[in-house]
Amino acid sequence: MKHEKTYLLSADECNQLFAKLEERYDLYAPVRIPAGGRYAQTDSILYRQIHKYEDIEYRERSTYAMKEVLTPITQTLFYFTEDEYQESKPPEKDILLFGRACDINAIKIQDQIYLKNGSDEDYFYKRIRKRVKFVLMECTQQFEGCFCCSVGANTTDMHSLAISFRKDCAYLEIRDPEFEPYFKDSKSSDYEIQFPKENELKVKYPVIDSIDLANRLKEHPMWNEFDDRCIGCGSCTVACSTCTCFETTDIVYTQNAHVGERRRTCSSCMVDGFDSMAGGHCFRQTTSEKYRYKIMHKVYGYNARFHTGPMCVGCGRCSARCPQLISYPATLNKLSKAIEEIKQEEGKTDD
Ligand code: SF4
Ligand code: SF4
């Protein structure tokens, strides 16, 4: 799908374009929610359906990830009675989803987990995913804590359109020829959409090349500090572009326990109870064990299973959301150092 033509549209022309697109698509993009932030008088930026150019908040990173649209924090899957069930409504229209290169790469990881993880596909994920096309938002500035270039998530070719926002206008690049008719009266431009080439924050993403090394890292003292620092709130994983864990709950209506709905709710390996088994056994008791598990899964476990690289796109949302100011990149750098230490010790032993 390589077919790149660029057009320059004023804000008004963007609004006319969006109106035409909305005949077929619902448009979702980051939107500023005034006073909707975690602290008093702070905003949050969430994915919402948009209708106008002015609705889109492109100057800052969204607080939560694009996965909000495909897998909302809470979602009703179906309604049931004693002997029947009714599926929740699927999307009525196709969806155009605005996101950055890292966000779109994160959906590749979501696809891997929901659609290519064993013999069954996740029905509810698939029914929305197959209707989604992407509009790449060009990163014209870097945000604090971004490290997409360190994990190779700074470029993508999964988008149908790309947009570069300017004050009162935007450049739009077409990759998917299906969108060409929407631009037949638009003014063409030589502008080329750029991908980030370098981040201010550089992270040495650790490479764990064997289960032996993973096991030795498990015992490393670097994790101990997180017993005091991490409170196991799960904010980092809810905000994470690539985390997918959820739990399902049957909500029964009053009076009749056989009538209700099944909900899927975002969950986290960082919260108490996530790994509790029938009989009361829990695999990871302390917050340092939980944090170690999360990091090792992103760095090692995911890639050991799928061989597609790390389970991270360097969006920086986890560190931005952590109330304890725990930096994921700093943890990765510590992990890289621990790997070097272990390899050096092994070298000495071999001698
Ligand atoms: S681990 Fe952090 S940086 Fe990586 S994808 Fe998740 S939120 Fe983004
Ligand atoms: S690392 Fe931070 S955000 Fe994540 S569970 Fe611990 S305290 Fe919460």
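Please read these numbers as outputs of a predicted model, since none were measured by experiment.

Colleague: Please explain the overall build of the protein chain as it appears in this structure.
Modeller: Along the backbone of the protein chain there are 10 helices and 12 strands. A compact globule built from 351 residues would reach a C-alpha radius of gyration of about 20 Å, and the protein chain, at 22 Å, matches this within 12%. In terms of principal-axis extent, the alpha carbons of the protein chain reach across some 70 × 65 × 45 Å. Within the protein chain, counting contacts between residues at least 6 apart in sequence, those at least 24 apart form 75% of the total. Carbon together with sulfur atoms contributes 49% to the accessible area of the protein chain, which is approximately 18300 Å² in total. If the 48 positive side-chain charges of the protein chain are averaged to one point and the 54 negative ones to another, these points end up 1 Å apart.

Colleague: Teacher, can you tell me more about the pairing of strand β7 (residues 132-137) here?
Modeller: For a regular strand, the rule is simple: side chains alternate between the two faces of the sheet. Of all 6 residues making up β7, 5 are buried, and the element is well covered by its neighbours. When strand β6 (residues 94-99) meets β7, the two strands line up parallel, connected through 5 bridges. By the bridge assignment, L97 is partnered in β7 with F134. The sheet contact formed by β7 and strand β8 (residues 161-166) spans 3 bridges and is parallel. Along β8, the bridge assignment pairs V135 with L161.

Colleague: It is not clear to me how the site of ligand 2 should be interpreted in this structure. Could you clarify?
Modeller: For ligand 2, the set of nearby residues contains 13 residues, the closest of which are C230, C233, G234, C236 and C322. Its residues assigned to classes, the shell around ligand 2 comprises 9 nonpolar, 4 polar and no charged.

Colleague: Would you explain the nonpolar core in this entry?
Modeller: Nonpolar side chains in soluble globular proteins generally cluster together in the buried interior. Formed by 41 residues in total, the largest nonpolar core has its most connected members in F147, Y205, I208, L217, W223, Y328 and L335. At the level of elements, α3 (101-115), α5 (211-218), α8 (287-306) and α10 (328-350) are the ones that each hand at least two residues to this core. Here this core takes 7 residues from α8, the largest share from any one element. Not counting chain neighbours up to four residues away, the residues in contact with F147 comprise N199, L201, V203, Y205, C312, G314, Y328, P329 and L332. Core analysis: the second largest hydrophobic core is formed by 28 residues, A11, A29, I50 and L161 among them.

Colleague: What exactly am I supposed to notice about the site of ligand 1 here?
Modeller: The full set close to ligand 1 counts 13 residues, and C240, C312, C315, G316 and C318 are the nearest of them. Tallied by class, residues from the shell around ligand 1 come to 7 nonpolar, 4 polar and 2 charged.

Colleague: Whenever I open this one, unusual backbone geometry confuses me. Can you help?
Modeller: Positive phi values are uncommon outside glycine, yet A35 reaches one of about 60°. Summarising the element assignment, A35 is placed in the loop between β2 (25-33) and β3 (44-49). With phi around 60°, H307 is a residue other than glycine that occupies positive phi space. Along the chain, H307 turns up in the loop between α8 and α9 (317-321). Among the residues examined, H307 registers a relative accessible area of 64% and is labelled exposed.

Colleague: In this structure, what is going on with the sheet that holds strand β11 (residues 246-252)? I would like to understand it.
Modeller: Adjacent strands of a sheet form backbone hydrogen bonds with each other and so pair up, either parallel or antiparallel. The 4 strands are arranged β5-β4-β12-β11 in an open sheet whose pairing can be described as antiparallel. Looking at which strands have only one partner, the edges of the open sheet turn out to be β5 (85-87) and β11. When the angles between neighbouring strand axes are averaged without regard to direction, this sheet yields 30°.

Colleague: Looking at this structure, I do not really get the packing of α5 against α8. What am I missing?
Modeller: How two helices pack is summed up by the angle between their axes together with the distance between the axes. Two numbers describe how α5 lies on α8: the axes approach to 11 Å, and their chain directions differ by 160°. When the axis of α5 is compared with that of α8, the two are roughly antiparallel. Pair α5 / α8 crosses with right-handed handedness. Of the residues in α8, those touching α5 at I211, A214, L217 and K218 are R292, M296 and Y300. Within the contact of α5 with α8, the residues separate by chemical class into 5 nonpolar, no polar and 2 charged.

Colleague: Where do I start with the pattern of salt bridges in this structure?
Modeller: Any two side chains of opposite charge can pair, so long as their charged atoms come close to each other. Within the structure shown, the criterion is met by 28 salt bridges. Across the pair D168 and K167 runs a salt bridge, and its minimum N-O distance is 3.8 Å. Exposure remark for K167: the relative accessible area of 71% places this residue in the exposed category. A salt bridge links R263 to E261; the nearest nitrogen and oxygen atoms lie 2.9 Å apart. R263 sits in the partly exposed class, given a relative accessible area of 28%.

Colleague: Looking at this structure, I do not really get the sheet that holds β8. What am I missing?
Modeller: Ordered by their spatial adjacency, 8 strands build an open sheet running β3-β2-β6-β7-β8-β9-β1-β10, and the pairing between neighbours is mixed. Both edges of this open sheet fall to β3 and β10 (187-189), since each of them pairs with a single strand only. Between one strand axis and the next, the sheet turns through 30° on average, direction left out of account. As paired strands, β2 and β3 are joined by 6 bridges and run antiparallel to one another. Directly across from I33, in β3, lies its bridge partner S44. Running over the sheet, helix α1 (residues 11-21) touches β1 (5-10), β2, β6 and β9 (169-174) and is turned about 110° from β1. Here α3 sits on the sheet and contacts β3, β6 and β7; the angle it forms with β7, its principal contact strand, is near 150°.

Conventions we followed
- Residues numbered from 1 in each chain as written.
- Chains lettered and ligands numbered in written order.
- Predicted model: local features only at pLDDT ≥ 70, side-chain atom pairs only at ≥ 80, totals over all residues.
- Heavy atoms only, no water.
- Helix = DSSP H or I, 4+ residues; strand = E, 2+ residues; numbered from the N terminus.
- Rg over C-alpha atoms; globule rule 2.2 N^0.38 Å.
- Contact = heavy atoms within 4.5 Å.
- Areas by Shrake-Rupley, 256 points an atom, 1.4 Å probe, with all protein chains shown as cover.
- Lys, Arg positive; Asp, Glu negative; His and termini not counted.
- Charge placed at Lys NZ, Arg CZ, Asp CG, Glu CD.
- Buried < 20%, exposed > 50% of the residue type's maximum accessible area, 1.4 Å probe, protein only.
- Pairing = 2+ DSSP bridges.
- Near = heavy atom within 4 Å.
- Nonpolar A, V, L, I, M, F, W, Y, C, P; charged D, E, K, R; others polar.
- Core = buried A, V, L, I, M, F, W, Y, C linked by side-chain atoms within 4.5 Å.
- Axes fitted to C-alpha atoms, helices over the stretch in contact; angles between N-to-C directions.
- Parallel < 35°, antiparallel > 145°, perpendicular 65-115°, else oblique.
- Left-handed = near helix turned anticlockwise from the far one by under 90°.
- Salt bridge = Lys/Arg side-chain N within 4 Å of Asp/Glu carboxyl O.

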